[in-house]
Amino acid sequence: MDKLNYGVIGNCCTAALISDKGSIDWLCFPNFDSPSIFASLLDREKGGYFGFEVSPDYQISQSYVPHTNILSTNFVSEENEFAVVDFMPCYHLSDASNCYRPAEIYRYIRRIKGTPRFKINYEPAPDYARGKTIFNTTSEYIETYSTSNSKDRQYLYSSLPLHKILEQKEIILAKDEFLLLSYNEKVIPVNIEREKLEYCRTLVYWLNWTDRTKKFTVYNDVIERSLLVLKLMSFYNGAVLAAITTSLPETIGEVRNWDYRFCWLRDASMSIETLFQIGHVEAARRFMRFVQSTFVSQHDTYQIMYGIRGERKLTEVILGHLSGYKNSRPVRIGNDAYHQLQNDSFGYLMDLIYQYYRLMPGTLDEVEDMWEMVKSILTNVMIDWKKPDKGIWEIRGEGQHFVSSKVMCWVALDRGARIADLLNKPTYRRRWSEEVAVIKENVMKNGWKEEMQSFSQAYGNSDLDASLLLMEPYGFIDPRDIRYHKTVQAIKNALLYKGLMYRYKSHDDFGLPSSAFTICTFWLIRALYVIGEKEEARSLFEEMLHNSNHLGLFSEDIDFETKEQLGNFPQAYSHLALVNTAILFSEEDIRLFFK
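Note that the structure is predicted; figures quoted are calculated from it, not measured.

To continue, consider the sheet that holds strand E28 (residues 565–566). In space, the three strands of this open sheet follow the order E26-E27-E28, with antiparallel pairing throughout. The open sheet has two free edges, formed respectively by strand E26 (516–517) and E28, since each of these has just one partner strand. Relative to strand E27 (residues 557–558), E26 runs antiparallel, the two being bridged by two bridges. Counterpart to Phe517 in the pairing with E27 is Asp557.

Put into structure tokens, the structure is as follows:
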């Protein structure tokens, strides 16, 4: 069974995927959305990797240093043992507001016992392997670059003989050693003492971060790991990625392969709200500043997604020379969804902005900038909610009147009215509240299908859709409403299969979906919980936790039959939903304890 057995390390500028055998199979330098240096994840032959070769008598295991994003891969034989500790430096400088997060990876090789022997396979393929890799060896480092882009260079430093690395000769480990892969040539001496200092500083950074995280009575380790993943996927300027990879397929051999290294307003807002509720207020502040800088400068038009520096144009390109994950072509960079109309996106953002106003208002100029943005967004929502759109699942065919999109437009205007109330703006509150009532009546009339005894995916069909489960958590419908109960049961009966959920089972522009969408199972668990089916919800949650990989990480999709993880990885959507669901049971335990 293949469960995308990778660990992730990073420093809020970029991230790497390291296999359970200690091989770096995905890394983009210097940022998340930069061209890859290693991409064997997407092409075993051409993509490039950086790993260790040991004899078959070694048992290999992997774990995180507790409470951190530092990853340790342990190699153990009867007589010998060593560990490769991987991390990207990340720590506060003397000025606490600044953080050191260079584009580099340390691989600390720690001798534990005996005289371990191994070879190092260093096979970079810069610029998505579009050219030939050129090697230049000096007394200090191995420099590499691609013939397709000679400007981007990589520098490998090591305490080990560089020729042994390049020639893949056997290395006998007599003491601790290190490897440092950097996007920049270093201007200070690089040695084992420097490595240890960087390790200690990074360790303290992550321990301090998790120490500021709210603790829970049950599932705390699961919650903490997911929060650490969400933190890794937060670019230092506040933008949040949907995932750190591109083109991992939703189904093996099919074409639903997308680049997720961008900031979707929907995904990011949900991720930040989760971090905010757990106590990481600064993450919300940074995201708000990113949103303001992106929107306020050009707030005449809005998009559903942006590049991680606020880029508006995310042109989609196919890399035809790469074979794809398990030969699932095409491999894409960029994402054409950026010009889609998805009316639900602003509901999630406005829900977060309301929390911002209610719980952590900024300076007067920030509050006023935000208010201008709120008015501008809701002017669009007032017009767009009546239009068909592409919906939460980014259907690339013809637009429809999706119920979940209407509901989230209701959320956007409802939160806007509440913000207007907080700011003593009665004219806006009245105008938006009136539209809120209109949308609700419209959804109840056109979304509820009496013959189905359920809400439907869209006004014009009788299909079921997991996104309908979001009507309750965002306050559109009371969990005690019989219509919500019936919708939950109908969705469970139609879309739950072998403990996992379909998004929907209707044909879309790519055919019939054939894998489970991870977040939808968590949505169902919450829905069952709030309608009173708590034991069923907990049982389903426990079953779901077994579908993670060996480090507790989740991708976007899961195969119903094999339970193989599919889709981009790790997925912010999946981990934020896991946290929110786990908190339900933890709070339930507290209530039972104090009864």
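In the structure shown here, the tally under the stated rule is 33 salt bridges. A salt bridge links Arg285 to Glu282, with the nearest nitrogen and oxygen atoms 4.0 Å apart. Taken together, the residues span about one helical turn, with Arg285 and Glu282 both in helix H6 (residues 281–295) at a distance of three residues. By relative accessible area, which is 38% here, Glu282 ends up partly exposed. A salt bridge links Asp421 to Arg429; the nearest nitrogen and oxygen atoms lie 3.7 Å apart. Residue classification places Asp421 among the exposed positions, given a relative accessible area of 52%. Several salt bridges share partner residues, and in doing so they unite Asp351, Asp414, Arg415 and Arg418 into one network.

Here the structure, examined in full by the defined rule, presents 38 aromatic pairs. Arranged with centres 5.2 Å apart and planes meeting at 45 degrees, the rings of Tyr428 and Trp432 form a pair that is tilted. One end of the pair, Tyr428, and the other, Trp432, are both in helix H10 (residues 426–446), four residues apart, so they sit about a helical turn from each other. An aromatic cluster is defined as three or more aromatic residues linked by ring pairs; in this entry it consists of Tyr219, Phe522, Tyr529, Phe541, Phe554 and Phe585. We note Arg225 situated over the ring of Tyr64; from NZ or CZ to the ring centre the distance is 3.8 Å. Over the ring of Phe476 we find Lys440, and its NZ or CZ is 5.0 Å from the ring centre.

Another aspect to go through is empty space enclosed by the protein. This structure, assessed with the given rule, holds four cavities of 30 Å³ or more. If you add up the space inside the second largest cavity, you get close to 50 Å³. As for the second largest cavity, its lining consists of Phe29, Pro35, Ser36, Ile37, Pro126, Asp127, Ser146, Asn149, Asp152 and Gln154.

As a further point, take the packing of helix H3 (residues 192–211) against helix H4 (residues 220–232). Packing of H3 against H4 leaves a shortest axis separation of 11 Å and a crossing angle of 120 degrees. In this view, H3 runs oblique relative to H4, as classed from their interaxial angle. In the crossing of H3 with H4, the sense of the turn from one axis to the other is right-handed. Residue-level contacts link Tyr205, Trp206, Trp209 and Thr210 of H3 to Glu224, Leu227, Leu228, Lys231 and Leu232 of H4. Classifying every residue of the contact of H3 with H4 by side-chain character gives six nonpolar, one polar and two charged.

This brings us to the pairing of strand E15 (residues 149–158). Bridging between strand E14 (residues 142–146) and E15 involves five bridges; their strand directions are antiparallel. When the bridges of E15 are listed, Ser146 appears paired with Asn149. Counting the residues between successive antiparallel strands, the hairpin from E14 to E15 contains two residues. With four bridges joining them, E15 and strand E17 (residues 177–182) adopt antiparallel strand pairing. Across the sheet, the residue bridging to Tyr157 is Leu180, located in E17.

If you check the domain split of the protein, you get domain 1 (6–210) and domain 2 (213–314 + 325–586). With 34 residues of domain 1 at the contact, the number on the domain 2 side is 32 residues. A per-residue breakdown of the area domain 1 buries against domain 2 is headed by Phe32, Leu42 and Trp209, which together make up 26% of the total. Here domain 1 and domain 2 share one salt bridge between them. Across the pair Asp33 and Arg309 runs a salt bridge whose closest N-O atoms are separated by 2.5 Å. At the boundary of domain 1 with domain 2, the tally comes to 17 residue pairs in polar contact (both at pLDDT 80 or more). Broken down by element, the residue count for the side of domain 1 that touches domain 2 peaks at five residues, all from strand E1 (residues 6–10). For the side of domain 1 that touches domain 2, the per-class residue count stands at 19 nonpolar, 11 polar and four charged.

Below, the discussion takes up H10. The end-to-end C-alpha distance of H10, which contains 21 residues, comes to 30 Å, matching closely the 30 Å that a straight helix rising 1.5 Å per residue would cover. Three or more residues of H10 are buried, namely Trp432, Glu435, Val436, Ile439, Val443 and Met444. Elements that come into contact with the buried residues of H10 comprise helix H8 (364–384), helix H9 (403–422), strand E22 (448–449), strand E23 (454–455) and helix H11 (482–495).

For H11, spanning 14 residues, the distance from its first C-alpha to its last is 20 Å, which sits close to the expected 20 Å at 1.5 Å a residue. Within the span of H11, buried status applies to Tyr484, Thr487, Val488, Ala490, Ile491, Lys492 and Leu495. On its buried face, H11 is in contact with E22, E23, strand E24 (496–497), strand E25 (500–501), helix H12 (518–530) and helix H13 (534–545). Put simply, Asp481 is the residue that caps the front of H11, since its side-chain oxygen is 2.8 Å from the backbone nitrogen of Arg483.

As a further point, take the packing of H11 against H12. Direction vectors running N to C along H11 and H12 enclose 140 degrees, while the axes themselves pass 10 Å from each other. Judged by the inter-axis angle, H11 sits oblique to H12. Classified by chirality, the crossing of H12 by H11 is left-handed. Where H11 approaches H12, its residues Tyr484, Val488 and Lys492 are matched on the opposing element by Leu524, Ala527, Leu528 and Val530. The residue inventory of the contact of H11 with H12, partitioned by class, reads six nonpolar, no polar and one charged.

How each quantity is defined
Sequence order sets the numbering: in each chain, residues are counted from 1 along the sequence as written. pLDDT decides what is reported in this predicted model: residues at 70 or higher carry local features, side-chain atom pairs at 80 or more are listed and counted, and totals for whole chains, interfaces and linings draw on all residues regardless. With hydrogens and water excluded, all non-hydrogen atoms of the structure serve as input to the side-chain values. Strands pair, by our definition, only if DSSP identifies at least two bridges between them. Working definition: helices are DSSP H or I runs of at least four residues, strands are E runs of at least two. Numbering for both runs from the N terminus. Just to be clear on terms, a salt bridge is a Lys or Arg side-chain nitrogen sitting within 4 Å of an Asp or Glu carboxyl oxygen. Only protein chains enter the area calculation, which uses a 1.4 Å probe; residues under 20% of their type maximum are buried, those over 50% are exposed, and those in between are partly exposed. Only rings of Phe, Tyr and Trp enter the pairing, Trp through its six-membered ring, and a pair is recorded when the two centres are within 6.5 Å. The plane angle decides the type: under 30 degrees is stacked, over 60 is edge-to-face, the rest tilted. Geometrically, a lysine NZ or arginine CZ counts as sitting over a ring once it is within 6 Å of the ring centre and also within 35 degrees of the ring normal. We place a 1 Å grid over just the protein atoms. Points where a 1.4 Å probe fits but has no way out form a cavity, open points with protein on both sides within 12 Å along at least 5 of 7 lines form a pocket, and any residue with an atom within 4 Å of a point lines it. Grid points are joined across faces, edges and corners, and a volume is the space filled by probe spheres set on the points. Throughout, an axis means a line fitted to C-alpha atoms (over the contacting stretch in the case of helices), and angles, computed between N-to-C directions, take values from 0 to 180 degrees. Roughly parallel here means an angle under 35 degrees, roughly antiparallel means over 145, roughly perpendicular means 65 to 115, and every remaining angle is called oblique. Take the far helix as your reference; a near helix turned counterclockwise from it by less than a right angle gives a left-handed crossing, and one turned clockwise gives a right-handed crossing. Two residues qualify as a contact provided that any one of their heavy atoms is within 4.5 Å of a heavy atom in the partner residue. Gly falls in the polar group here, along with every residue not listed as nonpolar (Ala, Val, Leu, Ile, Met, Phe, Trp, Tyr, Cys, Pro) or charged (Asp, Glu, Lys, Arg). Source of the domain bounds: an automatic or database domain assignment. In this description, buried area is defined as the sum, over both parts, of the accessible area (probe of 1.4 Å) that is lost when the two are combined. Pairs of N or O atoms are called polar contacts if they sit within 3.5 Å, as long as, within protein, a hydrogen donor faces a hydrogen acceptor (for residues adjacent in sequence, only side-chain-to-side-chain pairs). Expected helix span is computed as 1.5 Å times (number of residues minus one).

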